[in-house]
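If you want the building blocks of each chain, they are given just below.
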Amino acid sequence: QVQLVESGGGLVQAGGSLRLSCTASGIIFSIGDMSWYRQTPGKERELVATITGEDMAIYADFVKGRFTISRDDAEKTVYLQLNSLKPEDTAVYYCSANIESYTRRSFYYWGQGTQVTVSS
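Below is a summary of the structure that appears in this document.

As summarised here, the arrangement of the four strands in space is β1-β3-β8-β7, forming an open sheet in which the pairing is antiparallel. Where the open sheet ends on each side, the last strands, each with one partner, are β1 (3-7) and β7 (67-72). Averaged over all pairs of adjacent strands, the angle between their axes in this sheet comes to 15°, without regard to strand direction. In this structure, β1 lies alongside strand β3 (residues 18-25), joined through five bridges in antiparallel fashion. Following the sheet pairing, E6 is matched in β3 by C22.

Here it is, written out as structure tokens:
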């Protein structure tokens, strides 16, 4: 069974940094796109960044050079480096990945989320 587990969230002051990690486990043949989303209460989940299987990174406009997505395929892990954090970055951050499992079929899987809280 494929699972994604996030870590690295926490409480940080405005201007600070955090590094989120998301690791896939299970019988995995390949991993395609990996993404980070975030969600605050009462709002829809929004895309923060995506990194393709070819290491191309795509960011939401609100990131504006503050966040960096990267991946380590050997570790089946995607990272999100959050710098220059603002109170409005407070949200639950979720990772998602397109994973081909032992069934040889690809699905998008989601992690359980990790809370990021930025104090002013």
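This part covers the state of the cysteines. Applying the stated criterion across every chain yields a total of one disulfide. Across the disulfide from C22 sits C95; the S-S distance is 1.8 Å. The disulfide joining C22 to C95 has a torsion of about 40° about its S-S bond and is therefore right-handed. Residue C22 is found in strand β3, and its partner C95 is found in strand β9 (residues 91-101); the two are separated by 73 residues along the sequence. Neither C22 nor C95 differs from the other in exposure class; each is buried.

Going through the model one piece at a time under the given rule, you end up with five salt bridges. Put simply, D89 and R38 hold a salt bridge, and the shortest N to O gap is 2.9 Å. Residue D89 is located in the loop between β8 (77-82) and β9, and its partner R38 is located in strand β4 (residues 28-39); the two are separated by 51 residues in the primary sequence. Summarising the burial analysis for this pair, D89 and R38 share the class buried. When the shortest N-O distance is used, the salt bridge between R71 and D73 registers 2.8 Å.

Moving on to the packing of aromatic side chains. Two descriptors summarise a pair of aromatic rings, namely the distance from one centre to the other and the angle between the planes of the rings. All chains considered together, the criterion is met by one aromatic pair. Relative to W110, the ring of Y37 has its centre 4.9 Å away and its plane inclined at 55°; by these criteria the two rings are tilted. Residue Y37 is found in strand β4, and its partner W110 is found in strand β10 (residues 106-110); the two are separated by 73 residues along the sequence. Exposure remark for W110: the relative accessible area of 39% places this residue in the partly exposed category. For the cation-ring pair, R45 lies above Y94, with the distance from its terminal atom to the ring centre recorded as 3.7 Å. Sitting over the face of the ring of F29, R104 holds its NZ or CZ atom 4.2 Å from the ring centroid.

Turning our eyes to something else, we now look at the nonpolar core. Buried together is how nonpolar side chains tend to be arranged in soluble globular proteins. With 29 residues, the main nonpolar core has W36, L80 and Y93 as its most contacted residues. Of all elements in the fold, only β3, β4, β5 (46-51), β7, β8, β9 and β11 (114-119) reach the threshold of two or more residues within this core. The greatest single-element share of this core, amounting to five residues, is contributed by β9. Aside from chain neighbours lying at most four places away, what touches L80 is L18, R19, L20, W36, V48, A49, F67, T68, I69 and Y93.

What counts and what doesn't
Residues numbered from 1 in each chain as written. Predicted model: local features only at pLDDT ≥ 70, side-chain atom pairs only at ≥ 80, totals over all residues. Heavy atoms only, no water. Pairing = 2+ DSSP bridges. Helix = DSSP H or I, 4+ residues; strand = E, 2+ residues; numbered from the N terminus. Axes fitted to C-alpha atoms, helices over the stretch in contact; angles between N-to-C directions. Disulfide = S-S within 2.5 Å. Buried < 20%, exposed > 50% of the residue type's maximum accessible area, 1.4 Å probe, protein only. Salt bridge = Lys/Arg side-chain N within 4 Å of Asp/Glu carboxyl O. Phe/Tyr/Trp six-rings, centres within 6.5 Å; stacked < 30°, edge-to-face > 60°. Lys NZ or Arg CZ within 6 Å of the ring centre and 35° of its normal. Core = buried A, V, L, I, M, F, W, Y, C linked by side-chain atoms within 4.5 Å. Contact = heavy atoms within 4.5 Å.

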